[in-house]
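# Residue-level structure breakdown
Each chain, written out:
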Amino acid sequence: MTCLPQKTDRKLGLVIDLDTCVGCQACVTNCKEWNTGGHMAPLTDVQPFGPGADGVWFNRVHTYEVATPDGDSRTLHFPRSCLHCEDAACVTVCPTGASYKRAADGIVLVNEDKCIGCKLCSWACPYGAREYDATEGVMKKCTLCVDRIYNENLDEEDRVPACVLTCPTGARHFGDLGDPDSAVSQLAVQRGGKDLLPEMGYRPTNKYLPQRAKADHQTGAGPLAPLDETAGATGVLAWVDRMLTRAG
Amino acid sequence: MHPAASVILFTTASGAGYGVLVLSPILLAFGILPADRWLGVALLAPALCLVTAGLLASTFHLGHPERAWRALSQWRSSWLSREGIMAIVTYGPAAAFGYAWIGLETASGGWAWTGIATATAAAATLFTTAMIYRSLKPIPAWATDWTIAGYLILGLLTGLIVITTVSSSFGFHPVRFQWLALALVVCAAIVKNAYWSRLAGTCRETEAMSGAAVGSDDGAITSIEWPHTEENYVLKEMGFRVARKHADRLRRATRNLLFVAPAIVFVVMPSLLPMPYLAWIAWPGAALVLVGVVLERWLFFAEARHVVTLYYGAS
Amino acid sequence: MSFPAPAENDGVDTSPAVADDVKTTTCYMCACRCGIRVFLKNGQVRYIQGNRNHPVNKGVLCGKGAAGIMNHLSPARLRKPLKRVGPRGAGEYEEIEWDEALRTAADWLSNIRATDPKKLAFFTGRDQSQSLTGWWAKQFGTPNYAAHGGFCSVNMAAGGLYSIGGSFWEFGEPDWEHARVFLMFGVAEDHDSNPIKIGLGKLKERGAKIISINPARTGYAAIADEWLGIRPGTDGLFVLALVHELLLAGKIDLDYLVRFTNASWLVRHAPGTADDGMFVRDDTGRPMVWDASRDSPTPYRDADQPDLANEHQIEGATAVPVFKLIAERYSDSAYSPDSVADRCGISAATIRRIAAEIADAAFNHAVSLPVSWTDTHGRQLETMTGRPVAMHAMRGISAHSNGFQSCRALHLLQMLIGAVDTPGSFRYKPPYPKPVPPGPTPSGKRTQPNTPLGGMPLGFPESPADLLYEDDGTPVRIDKAFTWESPMSAHGAMHRVIANASAGYPYPIDTLFLYMANMAWNSSMDIQGTLDALTAIDPESGDYKIPHIIYSDAYASETIAYADLILPDTTYLERWDCISLLDRPIGEANGAGDAIRQPVVEPDRDVRPFQSVLLDLGARLGLPGMVNDDGSPTYPGGYADYIVYHQRTPGVGPLAGWRGADGARSGKGDVNPEQLDRYIENGCFWHEEIPASARYYKMANRDYLDWAVSMGFLAKAEQIVLQLYSEPVQSFRNAARGHGSHQPPDNLRDQVQRAFDPLPNWYPPFEDSKTDTLRYPLHALTQRPMHHYHSWGSQNAWLRQITAQNRLFMHRDTATQLEVSDDDWVWVESRHGRVKGQVRLVDGVNKDTVWTWNAIGKRAGAWGLDGEVPEVTKGFLLNHVIPEKRSDGALSNSDPVTGQAAWFDLRVRVVKAQASEAHEAAPQLEAISPPPGQPPRPPRLDYGRAFRAKIGAE
Ligand SMILES: Nc1nc2c(c(=O)[nH]1)N[C@H]1C(S)=C(S)[C@@H](COP(=O)(O)OP(=O)(O)OC[C@H]3O[C@@H](n4cnc5c(=O)[nH]c(N)nc54)[C@H](O)[C@@H]3O)O[C@H]1N2
Ligand SMILES: Nc1nc2c(c(=O)[nH]1)N[C@H]1C(S)=C(S)[C@@H](COP(=O)(O)OP(=O)(O)OC[C@H]3O[C@@H](n4cnc5c(=O)[nH]c(N)nc54)[C@H](O)[C@@H]3O)O[C@H]1N2
Ligand code: SF4
Ligand code: SF4
Ligand code: SF4
Ligand code: SF4
Ligand code: SF4
Ligand SMILES: [Mo]
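Residues numbered from 1 in each chain as written. Chains lettered and ligands numbered in written order. Predicted model: local features only at pLDDT ≥ 70, side-chain atom pairs only at ≥ 80, totals over all residues. Heavy atoms only, no water.

Looking now at the pairing of strand β27 (residues 591-597) of chain C. Residues and elements named next belong to chain C. Of all 7 residues making up β27, 7 are buried, and the element is well covered by its neighbours. Alternating positions in β27 separate into two faces, Gly-591, Gly-593, Ala-595 and Arg-597 on one and Ala-592, Asp-594 and Ile-596 on the other, with burial throughout. Where strand β26 (residues 577-579) meets β27, 3 bridges bridge the pair, whose relative direction is antiparallel. In the strand pairing of β27, Cys-578 is matched with Ile-596. As paired strands, β27 and strand β28 (residues 685-689) are joined by 5 bridges and run antiparallel to one another. Bridge pairing links Ala-592 to Glu-688 in β28. (Buried < 20%, exposed > 50% of the residue type's maximum accessible area, 1.4 Å probe, protein only. Helix = DSSP H or I, 4+ residues; strand = E, 2+ residues; numbered from the N terminus. Pairing = 2+ DSSP bridges.)

Residue and element names in this part refer to chain A. Taken together, the 3 strands give an open sheet; going across it, the order is β10-β1-β11, and neighbouring strands pair in mixed fashion. Each edge of the open sheet carries a strand with a single partner, namely β10 (172-176) and β11 (207-209). Within this sheet the neighbouring strands show an average axis-to-axis angle of 25°, counted without direction. Where strand β1 (residues 12-17) and β10 come together, 5 bridges link them in antiparallel fashion. Among the inter-strand pairings, Leu-12 is bridged to a residue of β10, identified as Asp-176. Its contacts with the sheet put helix α5 (residues 183-190) on β1, β10 and β11, and the angle it makes with β10 is roughly 120°. (Axes fitted to C-alpha atoms, helices over the stretch in contact; angles between N-to-C directions. Contact = heavy atoms within 4.5 Å.)

Another aspect to go through is helix α12 (residues 348-364) of chain C. Counting along an α-helix, one turn takes 3.6 residues, and residues three or four places apart therefore face a common direction. Helix length check: α12 of chain C, at 17 residues, gives a terminal C-alpha distance of 23 Å against a target of 24 Å (1.5 Å per residue), a fit within 8%. By the criterion of burial, α12 of chain C is predominantly enclosed, with 13 of the 17 residues buried. (Expected span 1.5 Å × (residues − 1).)

Quick look at the nonpolar core now. Counting residues in each nonpolar core, the largest one holds 424 residues, and the members touching the most others are Trp-142 and Tyr-311 of chain B together with Trp-136, Phe-238 and Phe-323 of chain C. Of the residues forming this core, the biggest block, 9 residues, is contributed by helix α8 (residues 235-248) of chain C. Among residues more than four places away in sequence, those in contact with Trp-142 of chain B are Trp-123 of chain A together with Met-1, Tyr-133, Arg-134, Leu-136, Thr-147, Tyr-195, Phe-300, Phe-301 and Ala-304 of chain B. Leu-28, Ile-161, Phe-177 and Phe-266 of chain B belong to the second-largest nonpolar core, a separate cluster that totals 44 residues. (Core = buried A, V, L, I, M, F, W, Y, C linked by side-chain atoms within 4.5 Å.)

The next thing to look at is the interface of chain C and chain A. Each partner contributes residues to the interface: chain C has 106 residues there, and chain A has 99 residues. Seen at the junction of chain C and chain A, the total is 46 residue pairs in polar contact (both at pLDDT 80 or more). By residue number, the principal contributor to the side of chain C that touches chain A is α12 of chain C, which donates 6 residues. Counted by class, the side of chain C that touches chain A contains 55 nonpolar, 21 polar and 30 charged residues. Here strand β2 (residues 45-46) of chain A pairs with strand β35 (residues 940-941) of chain C via 2 bridges, running antiparallel. Bridge pairing links Asp-45 of chain A to Leu-941 of chain C in β35 of chain C. (Polar contact = N/O pair within 3.5 Å; in protein donor to acceptor, adjacent residues only side chain to side chain. Nonpolar A, V, L, I, M, F, W, Y, C, P; charged D, E, K, R; others polar.)

This model, assessed by the stated rule, comprises 62 aromatic pairs over all chains. Residues Phe-185 of chain C and Phe-238 of chain C carry aromatic rings whose centres are separated by 6.3 Å and whose planes lie at 55° to one another, so their mutual orientation is tilted. Of this pair, Phe-185 of chain C sits in strand β9 (residues 181-185) while Phe-238 of chain C is found in helix α8, placing the two residues 53 residues apart along the sequence. Each of the two residues, Phe-185 of chain C as well as Phe-238 of chain C, counts as buried. Ring geometry for Tyr-639 of chain C against Tyr-642 of chain C: centres 5.6 Å apart, planes inclined by 20°, an arrangement best described as stacked. Linking Tyr-639 of chain C with Tyr-642 of chain C, this pair stays in helix α18 (residues 639-645), spanning 3 residues, or about one helical turn. Take Tyr-639 of chain C: its relative accessible area is 2%, and that puts it in the buried class. Assessed through its relative accessible area of 1%, Tyr-642 of chain C is described here as buried. By way of ring pairs, the aromatic residues Trp-123 of chain A together with Tyr-133, Trp-142, Tyr-151, Tyr-195, Phe-300 and Phe-301 of chain B are connected into one cluster. One Lys or Arg, Arg-297 of chain B, reaches over the ring of Tyr-151 of chain B and ends 4.4 Å from the middle of that ring. (Phe/Tyr/Trp six-rings, centres within 6.5 Å; stacked < 30°, edge-to-face > 60°. Lys NZ or Arg CZ within 6 Å of the ring centre and 35° of its normal.)

All names here are of chain C. Within the secondary structure layout, Ser-693 lies in the loop between β28 and α20 (702-711). By relative accessible area, Ser-693 is classed as buried at 16%. A polar contact of 2.5 Å, which involves the side chain of Ser-693, links it to the side chain of Asp-703. Among residues more than four places away in sequence, those in contact with Ser-693 are Val-371, Ser-372, Trp-373, Met-384, Asn-701 and Asp-703.

Facing the 9 residues of chain B at the interface are 14 residues of chain C. Approximately 760 Å² of surface area, both sides summed, lies buried where chain B meets chain C, with 46% of it carried by carbon and sulfur atoms. When the buried surface of chain B facing chain C is broken down by residue, Ile-224, Glu-225 and Thr-229 of chain B rank first, second and third, together holding 60% of it. Connecting chain B to chain C are 4 residue pairs in polar contact (both at pLDDT 80 or more). Of the residues belonging to the side of chain B that touches chain C, the class tally is 2 nonpolar, 5 polar and 2 charged. (Buried area = accessible area lost by both parts, 1.4 Å probe.)

Quick look at the structure:
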């Protein structure tokens, strides 16, 4: 049923810290290895060892240079995956009901048995989060690791998305963004978490924490004052003498 | 957007077909077309072939055509679903209308209703098709009512060309459609020009969103490295870009084929040429217009920029 | 916290069974040694996850580790031993049985050993079994052994070990919990891939300031609070300018200098004499200081109030405290920010500000931990106080011909502000610190047939007497390590072996035995020269100049085409391995550790783990320690047996955990037959925490030193005095000045005098003087991509989708001057040659520098790839244009102290390619034919389908 739920009990999603992401691609390959054997298995790779290799991935990391107001620029690593939007047109456009948003947790999924592979949902996604598996003839996308986060066969602390579990810098956070008191909601508030392309009006669940103003400790420091008028080594050595004899 | 042949074929063919289905009942009702059996066959048969061919074409690009029936289920939310339903629904009145025209050679009295129903259903189908594109926010070029207007008017225009051409070969003088042709050509020209003049603006607006794409207030971003060094699905499907110069050339061609050609062949000529010459030039004239509408549809996709391309930068 | 599964009733199985079995082992998609949990389903690898309890990665995996499945299943895996049948380089082979392979190798080697063991050159690359391979070489009796350290980062190791008894690299780490300012010099990834990422995450959480000094702004530098795009090769200048500023401002930790360094040691000032610049010692050899309270020379250990500032006359000779020399040297205006700014490409104002920030953090924000401890003088201290300024450096510093001294300059800076192994600063990982230098000295002077070497082939020379020359003056080693060309080449000089062996200099060899090193491609300079050397034919004999080449690889790399005999190895999931404290352990600053690899899946090919093969060969050759008296092999069970039963010295074996018959001892203890089981129970690693009172000031912390002795890391619990001033270095300089019986050849005198400065100095990278820098104005570098490991990644179906082509990154402004625009094809030309690639313009790079990702470019035919892949047609390998000497007269492209390969000295110019050339990378070497029996390339991969099907069925 591709009408969106009025409201969802939870809004599970990710908070991604762009100030900490080093672009290591760990979340990318970990997502691939989990999901290629998971709920949407397989994530087919075409011509894997030839030219034009092209596979299905649910998470992709870009590198940008972003102009800063001071006329300078910063390098930005940007992981891109499904944002599990509240107004997910990728769901409403679907003619078959294959694309749907779960009422319980807000996860947007594709039911492969219903999907006819018309690709319209991927057109409706501003974020390029849906990737068509031509071999299987169906659309695939991030499942928010729905087969991990509730999985009783995994240790409690492992019941998080693969990309979150693996992120070496701890730039990825998972939780209920519907609950204002949840750690992720709090983090998003403190760090001014952003919606991507708000103009599109999809109301993404995932939030992105912008790069921080550069930590600047010089203020504390101030310029170094030379020891005394006696310049150079002589001055230094005289000072050392003073210090040590005082100590002794 | 990648201009997929199947989709272009589908929308143009069924467009013309539904155009015929919208116009012929009306023209019949006003007596501009006679309820002549063989003319009915000559018009309704191709119309239904066109829409059916279109429908089939639209399933070619599906990953699972055998499941196409499922596409009828989501009429509550999905314009694609609604289109499918309308397309099928239209066969009903069309059949009844066809029976009246061809079987009974009448379109008056109670039978008039079948015509009205056919025209309405066909128009609605054209509308639902248009809405599929109209409703896609990530493709700002399409997210405008001009898209709807475009699909409707071009459906009617191509439909009328078919009617005119076919009926002329039955010896019906095209001059009787002259004013309608004039009206449709003028409207079509206005609509497409409006659509095109808005297009440039949408591209600029999209470009301006590049910062927002990564949640940065600091404005412009430059793509340094893609997540993959070769093209993936997203780029193949939505990364298509047509060179400005190339596009302009094609637009000129489209204008000539889609507006100028019919204006000459179906508006001006009928007052100058006698039959049967008109019938002879109608066919090539129609061909030009159909090529024109295919070009227009190719541009409709090729010139439409999907916002996802922001993530891949200029390159 | 996790969420209860809701009842959505959408038919999604939210609790699929993931595995029938989960086995732990150690990742080997790179050398970082993270602990992994391998989920197995129907005997196949379903998923690889980080081991949360593991000290290295604490549960996380990097991009490579998570793609391990695809290396394990690579179609490029070798399948059976191979014998060359065509000419070298053509890649024509015949599959042979293991028995024939081992017999062939044994024949070649036994002849060598019976006549002249030196004629075997055994060199290894990315492996982690150097304690085995080194020992094997020793038992064989050849000095010609080394691992990749010589071309990797020996400058980092030696610079540290000759200064602070520890090092950056993976032998120490920043105090991630307490650092306030963190300076990162020339690091893209390092061996501590995950620990550094985890650490940076911690710094970010605490809002510590991260400063990246790097010509390129990528990866770590991208998230740094400040990026200093320094000019390559000038870090020494930059750092010494910081020293200059701090000295003149008195922002140095005198107490630390007195207690923990040789700042007070007296240096004899007697120009023109043999012991000029050597320490003043008493007759028992103890270094002396001037004790102000006694007003007399006193052994350092006994002095109450050492004088740092004044020179003194001792027995008629002038003696100067080390610190005085330092103050005089670096307060000179030659080291002022203004005089270095232009050369470094960093403004004087910035240098001053950074110095001020370092001083502020170190002295206004000292960290004090409420932990009492006792130092080696028996002083009880209630707190551990430290300087929260941490530093880390890697190959950006070391891969230059001035890297040894630049590295020492960094350590000098750390010592001056009291930032070595104190809270908030750089910290040693046990088994470090070691005595300075750590010893032993290299062995191999006298080699005899069928006789082991007296000691290990590699070591740490302390004076010219330790250099390895025959009595007739010919170098002992084929790579000329421990000669005047590179006296302190503690890791050997692998990058010189092929050229020397082929040139027959210093002498011809019979067999080149390589393991896990792609020497015919990305780990050599001047590729064509290397290939020519490998295929060169001796006009007399008509045979190859290097008669035999044996190589063990696991995959169809570029190098196998050049081997005569190929010993196919397993993948890392198919074998036993041992990450030993005797080699490159997995310790972290709070504890010591080591680890094992266990086979988690059986090989589906006729391959054998190289270490077991090596032990088998050893047994066939009858090498002592590998055969019993009755001639039977000592380790019939292969490497697994060796790991458990081998003892290097009584009680000390490859693994430190669960020793002793009862498995109750750590560090030292008898053999424990169940040791491997204990490791497996514990997740395939052993980790022992250092007592709380022993975690800082390890070089002079009694509790630590006692613990280290009990573990067998140190011989005695004596203070390790950090060396600001290096006496061993000075001894080489004195020789170069004509003193002593061991003299450098005249062509090297100046170089040795200049490079062997007992105090850190800076000189321009050698390549600058060999190159016309006006013609070749740009510096060219490579960087490690975080998701590729050298050449291994391209065979990985997933990793190659992320990066299959490397661009040449260059600054927009520089490009504008050269009329180059984005995506253009350009020639990168050095004095040696040229390569062609495609540019990508950026802002985040030093304007005089271009760089590219390392080892993405591949040779057609290798790695199980189709010949037309982007790695071949568009990717390029910078190594083609890196010059390396091929004739003996010339000097090697290396550091003159350690022989470290100077990869990053390269100077180039960039020229836009003609339109006609602008589509393909160059050079395009002739395709090598893949080995026989390689499976066809699958047109499609749907790995994982089976798991899901199964799950559904259950
Ligand atoms: N331009 C440039 N060149 C460089 C560098 C640089 O920074 N710039 N870096 C240098 C440095 S520091 C290093 S360490 C070298 C690294 O370069 P190499 O030491 O050549 O390392 P790799 O190419 O990663 O791998 C060597 C071989 O190990 C094989 N191998 C992989 N796994 C196994 C296994 O399990 N068993 C066996 N037997 N073989 C295996 C691979 O197939 C490959 O052929 O490159 C050096 N070259
Ligand atoms: N993912 C991944 N990890 C690896 C490896 C791999 O291949 N892939 N290889 C492993 C091996 S063998 C090694 S040796 C380590 C190497 O670890 P790193 O030293 O981090 O490796 P490089 O990529 O050589 O990084 C060199 C860095 O120094 C910078 N640089 C170059 N010249 C200068 C200079 O003069 N000054 C300064 N300040 N910076 C400079 C370069 O821009 C680059 O960022 O990585 C290990 N870890
Ligand atoms: S794993 Fe973490 S740090 Fe690495 S790319 Fe993904 S988000 Fe960034
Ligand atoms: S990100 Fe795209 S796919 Fe995911 S919910 Fe939003 S619109 Fe749908
Ligand atoms: S591709 Fe599948 S999921 Fe997407 S809209 Fe079509 S039917 Fe729905
Ligand atoms: S949540 Fe799971 S599926 Fe989605 S990106 Fe992360 S790992 Fe991939
Ligand atoms: S850093 Fe990555 S590849 Fe290296 S050992 Fe750890 S997980 Fe494996
Ligand atoms: Mo290395």
